[in-house]
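Structural features, examined
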Amino acid sequence: MLGMQSEVMVTKRKWYSLYDKVYAEGNLARAWEKVRSHRGAGGVDRQTIASFEREKEEHLRELHRLLREKRYQPLSLRRVYIPKGNGEKRPLGIPTIRDRVVQQALLNILEPIFEPTFHEHSYGFRPNRSTHTALEHVVKSMQEGKEWVLEIDIRKYFDTVNHELLLDAVNEEVSDGSVLRLLRMFLEAGVMEEGVGWTATEEGTPQGGVISPLLANIYLNRFDWEMAKRGHDTVRYADDAVVLCGSREEAERALADVRTMLEGKLRLTLHPDKTRILYHAKESFDFLGFGVNRRSLRPRQKTLLRFRAAIRLATRRQQGRNVADVIRRLNPLMRGFGIYYRRTNSKRLFEQLDQWIRMRLRCFIERKRAVHYQNYRIPTARLTALGLCSLGALLTTPLLLPVTGQPYRKAVYGKSVRTV
């Protein structure tokens, strides 16, 4: 680890002139194509992807001119809330389409600069890395005898990032004042709820922004390297992290180092209840949507409950849809869940869920409550012919995590760290 760190330090260079590359017409065009491919909702101006596309040439020329003349000013973020598994709500900040294009243009330039500086144990929102590669690391460390786990939970991480410390971290690699000014404008754009009630954003990098995942990694990169320097086996995906330790004493030292770095130097707050030390031979823990224990990985209980609730909603008997429409709603739910969890010890679970989902669909078709003998009145082959997918068919293997990297960003199943 220290060799890698010293290598980064030796080959390090500082970037002084980048702003003209941000507003270059070709870069803005590439940024627009990326934003268009991600689709997503509009911001406070309610402009949609479709309406922007109709006059994209004019919009891109205008963005190029405003950025070149340093007259560009981002609009406020549109605040929306999505439910979390614990009954709370997660705030998202949705930029306008034009601001999303500029953020993507900035990301196109900054990501290749910062990517080589990130520690290898940082897995979130990076090329050729995924939640599955992070979990593979965790499983491998446990199999090597690291039986003590320090769970790290940062309270409201994306909402509490210190702007000055973040810009200082960016400035370690980039000295272009115009780029830093543009970043500061995005950070301080403020948010609006229901089109009114503007609120300043004095800290944080709101989830929903295109550039927020990169900024989140830049902010915690110092933490990653410092933990490695002190000999800790840390696995981090965005703001979710665990430290794998060989003894209780090592875990206690790791916790003290985590407090020093996160609370002392980075001015973040650890959740007092969710940050804990456990012995995984006797206890399981949740990481990236999985329940992890000594023998297996499984979807965590809260995730299963949410998945079942979504299936119940899609297959309720009293709705004005035909069976084809219901199957079209079911299949994306099943594929999303199945693809994310197929590399776990879940073969039996998937078979049980398949049986339950087919029972729900049969009840919808006959508009009747479930009765055991009715489950076989409509053969499984008929449901398959109607287009219903199968969780069991998505299983590539029942073995534990034969994981390969994914080519680009993937969010955790059921979470909102993805950009919009």
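Above this text is the structure in question.
Residues numbered from 1 in each chain as written. Predicted model: local features only at pLDDT ≥ 70, side-chain atom pairs only at ≥ 80, totals over all residues. Heavy atoms only, no water.

**Re the overall build of the chain**
- For the chain, the helix and strand inventory stands at 17 helices and eleven strands.
- With 420 residues in all, the chain has 52% of them scored as buried.
- Taking contacts inside the chain between residues at least 6 apart in sequence as the whole, the part at least 24 apart equals 74%.
- Entry remark: accessible area of the chain is about 20200 Å², with carbon and sulfur atoms responsible for 49%. (Helix = DSSP H or I, 4+ residues; strand = E, 2+ residues; numbered from the N terminus. Buried < 20%, exposed > 50% of the residue type's maximum accessible area, 1.4 Å probe, protein only. Contact = heavy atoms within 4.5 Å. Areas by Shrake-Rupley, 256 points an atom, 1.4 Å probe, with all protein chains shown as cover.)

**Side note on the packing of helix H6 (residues 97-114) against helix H10 (residues 177-187)**
- Look at H6 against H10: their axes get within 12 Å of each other, and the N-to-C directions meet at 135°. The angle between the axes of H6 and H10 places the two elements in the oblique class. For the crossing formed where H6 meets H10, the hand is left-handed. Contact with H6, carried on its side by Asp99, Val102, Gln103, Leu106 and Leu110, involves Val179, Leu182, Leu183 and Phe186 of H10 and no other residues of that element.
- Of the residues contributing to the contact of H6 with H10, the split by class is seven nonpolar, one polar and one charged. (Axes fitted to C-alpha atoms, helices over the stretch in contact; angles between N-to-C directions. Parallel < 35°, antiparallel > 145°, perpendicular 65-115°, else oblique. Left-handed = near helix turned anticlockwise from the far one by under 90°. Nonpolar A, V, L, I, M, F, W, Y, C, P; charged D, E, K, R; others polar.)

**As for the pattern of salt bridges**
- This structure, assessed with the given rule, holds 21 salt bridges.
- Here glutamate 69 and arginine 71 are joined by a salt bridge, their closest N and O atoms 3.1 Å apart.
- Looking at glutamate 69, the relative accessible area reads 35%, which means it is partly exposed.
- Residue arginine 71 is classed as exposed on the basis of its relative accessible area, which comes to 53%.
- Note that glutamate 151 and arginine 276 form a salt bridge whose closest N and O atoms lie 2.5 Å from each other. Taken together, the residues glutamate 151 in strand S3 (residues 148-153) and arginine 276 in strand S8 (residues 276-279) connect sequence positions 125 residues apart. (Salt bridge = Lys/Arg side-chain N within 4 Å of Asp/Glu carboxyl O.)

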